[in-house]
Amino acid sequence: PPRSTLFPYTTLFRSDYSAISLSADSSAILAIQTETNANIWVAAKDHYDEMQQITHGRGDGLRSLDFLSPDKIVYTSNDSGNWDLSVIGVNGDSPNVVSGPRQYHSAPVACDAGRSVAFISTSQGVSHIWKTDLASGAVTQLTSGLGEVSPQCPLDEKWVALWSVLLGVEPQ
């Protein structure tokens, strides 16, 4: 029988694996693959019983979503295996990827009255807050500390609140 062992995780795996085992002669690997499927559904507040599915991707919204306006949503999607940010209308029109270069993106929030999106990206190996201008497509890094998370924008304002990692600082 195969002996149980740890198998190093590689970026080639685009799903969750558990119960990994390697054969005694190391010629075969055995694993259980878990895939999560999530889609976004929408309904009017006074007709919640008439939910309509508007996305048909892989992991849509699992890393967060937000309304840009009453008729547009920004959300995370793993269709490409990349955790992109996409925008879609509540009517289910074709989604548009808005996140820029290939890298992990999460926690999108609407800013500037829905004209831009602040989000987390780990493009440099650390979580930083970035912003995408939806009209021009320009992507700007907003932070460069030791790690920042949880961006928040008042919808009509031009500022972003966030949590930041500080080394050597005790919580007050």
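Structure's up top.
Overview of the structure. (Residues numbered from 1 in each chain as written. Predicted model: local features only at pLDDT ≥ 70, side-chain atom pairs only at ≥ 80, totals over all residues. Heavy atoms only, no water.)

Here we come to the sheet that holds strand 8 (residues 96–97). In spatial order, the strands read 5-6-7-8; together these 4 strands make up an open sheet with antiparallel pairing. Strand pairing shows two members of the sheet lacking a second neighbour, strand 5 (65–69) and strand 8, which therefore form its edges. Where strand 5 and strand 6 (residues 72–77) come together, 4 bridges link them in antiparallel fashion. Bridge pairing in strand 6 places Leu65 opposite Tyr75. (Pairing = 2+ DSSP bridges. Helix = DSSP H or I, 4+ residues; strand = E, 2+ residues; numbered from the N terminus.)

Another point: the sheet that holds strand 10 (residues 116–121). The 4 strands are arranged 9-10-11-12 in an open sheet whose pairing can be described as antiparallel. Lying at the two open borders of the sheet, with one neighbouring strand each, are strand 9 (105–111) and strand 12 (139–141). Neighbour-to-neighbour, the strand axes of the sheet open up by a mean angle of 25 degrees, direction not taken into account. (Axes fitted to C-alpha atoms, helices over the stretch in contact; angles between N-to-C directions.)

In terms of nonpolar packing, the biggest core is built from 9 residues, these being Leu68, Val74, Leu85, Val87, Val98, Ala110, Val117, Phe119 and Trp130. Counting residues per element, the ones that place at least two in this core are strand 7 (84–89) and strand 10. Judged by nonpolar contacts, the second largest core, of 7 residues, contains Cys111, Ala118, Ile120 and Ile129. (Core = buried A, V, L, I, M, F, W, Y, C linked by side-chain atoms within 4.5 Å. Buried < 20%, exposed > 50% of the residue type's maximum accessible area, 1.4 Å probe, protein only.)

This part covers the state of the cysteines. This model, assessed by the stated rule, comprises 1 disulfide. Paired by a disulfide, Cys111 and Cys153 hold their sulfur atoms 1.9 Å apart. Given an S-S torsion of about 55 degrees, the disulfide between Cys111 and Cys153 has right-handed geometry. Separated by 42 residues along the polypeptide, Cys111 in strand 9 and Cys153 in the loop between strand 13 (148–152) and strand 14 (161–164) bring together distant segments of the chain. (Disulfide = S-S within 2.5 Å.)

For strand 7, the buried fraction is high: 6 of the 6 residues fall into the buried class. Neither face of strand 7 is open: one carries Asp84, Ser86 and Ile88, the other Leu85, Val87 and Gly89, and all of them are buried. Where strand 6 meets strand 7, 6 bridges bridge the pair, whose relative direction is antiparallel. Its bridge partner being in strand 7, Lys72 is matched across the sheet by Gly89. Where strand 7 meets strand 8, 2 bridges bridge the pair, whose relative direction is antiparallel. Bridging across to strand 8, Val87 finds its partner in Asn96. Hairpin remark: strand 7 followed by strand 8, antiparallel, with 6 residues in the connecting loop; positive phi at Gly92, about 85 degrees.

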